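So you can see what is in the structure, the chains are spelled out below.
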Amino acid sequence: MKLDHLVYAAPDLAAAVEDVARLTGVRPLPGGSHVGMGSRNHLLGLGGAAFLEVIGPDPEQPDPAGPRPFGIDDLTEPGLVGWAVATDDLDETIDRARAAGYDPGPPTEMSRRRPGGELLQWRLTAPRTGPVPFIIDWGDTPHPARELPVVRLLSFEAVHPEPEAVRKDLSALGGELNVREGARPALVARLEGPNGPVTLS
């Protein structure tokens with residue numbers, strides 16, 4: 001189970017993209033719209049098959065029937081809110097996690113079109129916020145990180161009032177993450193681009 005992507009969510013997508021570009025010195029590329037969910041993303045590579053997803057409301061879509069993913073509707077400022085791990089067999093990974101005492105939820109199918117029209121399709125467990133990741137399986141779809149500009153991921157860790165509980169869930173998933181004790185849950189990533197090291201949290 002390897003890091004697939006970090007989720008940086010914002011109430012204003014355009015402003016968040018500008019912030020990330022200014023901080024890192026590299027501009028995230030347009031990803032596409034999540035039709036029916038009211039969201040859109042931009043992507044920035046983190047090296048290898050990993051990327052930073054900058055996600056926010058899509059002004060070209062009507063308001064969705066339900067809440068946007070990752071708590072976007074309740075955000076007052078951008079922040080690192082979640083992360084995903086990759087698997088080649090989503091169903092088996094879900095079964096294994098449940099057998100180990102953690103239920104990541106049922107698999108669902110999603111898709112989006114790149115600006116050039118190419119359709120990307122994948123399966124995942126429900127997108128969630130916090131230190132325990134959701135799981136994604138890209139299937140036959142080429143991984144989005146392959147065509148992205150890249151900044152270097154220096155470190156990634158979580159903060160939580162009950163780190164042992166988080167470590168237990170991570171172990172059931174087969175994922176690894178440094179989790180340290182702190183008053184409030186948080187995710188912290190250090191990146192390095194042309195403008196030097198920067199911290200997102």
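Refer to the preceding data block for the structure.
What you see is a predicted model, and the numbers here were worked out from it, not measured in a lab. All residue numbers here refer to positions counted from 1 along the written sequence of the relevant chain. For this predicted model, a pLDDT threshold of at least 70 governs which residues receive local features, and a threshold of 80 or more governs which side-chain atom pairs are given and counted, while totals over whole chains, interfaces and linings are taken from all residues. Calculation of side-chain values draws on the structure's entire complement of heavy atoms; hydrogens and water are dropped beforehand.

Student: Even after reading the chapter, I still don't get the packing of aromatic side chains, so can you show me in this structure?
Tutor: Aromatic rings from Phe, Tyr and Trp, taking only the six-membered ring of Trp, are treated as a pair when their centres fall within 6.5 Å; an angle between ring planes under 30 degrees marks them as stacked, one over 60 as edge-to-face, and anything in between as tilted. Taken as a whole and judged by the stated rule, the model has three aromatic pairs. Their ring planes at 45° and their centres at 5.8 Å tell us that Phe-70 and Phe-134 sit as a pair that is tilted. Here Phe-134 lies in strand E8 (residues 134-137) and Phe-70 lies in the loop between strand E4 (51-57) and strand E5 (79-86), a separation of 64 residues in the sequence. No difference in accessibility class separates Phe-70 from Phe-134, as the two residues are buried. Here a strand is any run of E in DSSP of at least two residues, a helix any run of H or I of at least four, and the numbering for each starts at the N terminus. For every residue, the accessible area (1.4 Å probe, protein chains only) is compared with the maximum for its type, and the residue is labelled buried under 20%, exposed over 50%, or partly exposed between those bounds.

Student: Which parts of the structure should I look at to understand the sheet that holds strand E9 (residues 152-160)?
Tutor: Strands in a sheet are paired, the pairing made by backbone hydrogen bonds, and the direction either parallel or antiparallel. Strand order in the open sheet formed by four strands is E10-E9-E11-E12, with mixed pairing between adjacent strands. Each edge of the open sheet carries a strand with a single partner, namely strand E10 (178-181) and strand E12 (196-200). Going across the sheet, the axis of each strand differs from the next one's by a mean of 25°, ignoring polarity. Criterion used throughout: strands pair if DSSP finds at least two bridges between them. Examined bridge by bridge, E9 and strand E11 (residues 186-193) share seven bridges and lie antiparallel to one another. Residue Phe-156 lies in a different strand from E11, and its bridge partner there is Ala-189. Across the face of the sheet, helix H3 (residues 163-173) comes into contact with E9 and E10 while running at roughly 165° to E10. For every element, the axis is a line fit to its C-alpha atoms; helices are fit only across the contacting stretch, and the angle between N-to-C directions ranges from 0 to 180 degrees. In this analysis, two residues are considered to be in contact whenever any of their non-hydrogen atoms come within 4.5 Å of each other.

Student: Can you walk me through the pairing of strand E3 (residues 39-45) in this structure?
Tutor: Regular strands place their side chains on alternate faces of the sheet. E3 sits mainly inside the fold: six of its seven residues count as buried. Of the pairings in the sheet, the one linking strand E2 (residues 29-34) to E3 comprises five bridges and is antiparallel in character. Each residue of the ladder has a partner; that of Ser-33, found in E3, is Arg-40. Strand direction decides the pairing type here: E3 and E4, joined by seven bridges, are antiparallel. Across the sheet, the residue bridging to Arg-40 is Gly-56, located in E4. Between E3 and the antiparallel strand that follows it, E4, lie five residues; Gly-47 among them carries a positive phi value of about 100°.

Student: Sorry, what's going on with the pairing of E11 here?
Tutor: Relative to E12, E11 is paired through five bridges, and the arrangement is antiparallel. Each bridged residue has a counterpart across the sheet, and for Ala-189 the counterpart in E12 is Leu-200.

Student: Just to check I follow, could you spell out the side chain of His-34 for this structure?
Tutor: By the secondary structure assignment, His-34 is in strand E2. Think of a polar contact as two N or O atoms within 3.5 Å of one another; within protein, one of them needs to be a possible hydrogen donor and the other a possible acceptor, and neighboring residues in sequence only count if both atoms come from side chains. Side chain to side chain, His-34 and Asn-41 meet in a polar contact 3.4 Å long. Sequence-distant contacts of His-34, that is, excluding residues within four places in its chain, are made with Ser-39, Arg-40, Asn-41, Glu-53, Ile-55, Gln-61, Met-110, Arg-112 and Trp-122.

Student: Help me understand the pattern of salt bridges in this model?
Tutor: A side chain with one charge can pair with a side chain of the opposite charge if their charged atoms come near. Whenever Lys or Arg places a side-chain nitrogen within 4 Å of a carboxyl oxygen from Asp or Glu, that contact is recorded as a salt bridge. Counting across every chain of the model gives twelve salt bridges. Ionic pairing is found between Arg-98 and Asp-103, a salt bridge with its closest N-O pair at 2.9 Å. Where Glu-164 meets Arg-167, a salt bridge forms, and the shortest distance between an N and an O atom there is 2.5 Å. Of this pair, Glu-164 and Arg-167 both sit in helix H3, three residues apart, which is roughly one turn of that helix. Overall, Glu-164 belongs to the exposed group, its relative accessible area being 57%. Residue classification places Arg-167 among the partly exposed residues on the basis of a relative accessible area of 32%. Look at the salt bridges and you will find they share partners, linking Arg-40, Asp-58 and Glu-60 into a network.

Student: Looking at this structure, I do not really get the side chain of Glu-157. What am I missing?
Tutor: Here Glu-157 lies in strand E9. A polar contact is formed between the side chain of Glu-157 and the side chain of Asn-178, at a distance of 2.8 Å. Engagement of the side chain of Glu-157 in a polar contact is seen with the side chain of Arg-180, the distance being 2.8 Å. Not counting residues up to four positions away in its chain, the partners in contact with Glu-157 are Leu-177, Asn-178, Arg-180, Ala-186, Leu-187 and Val-188.

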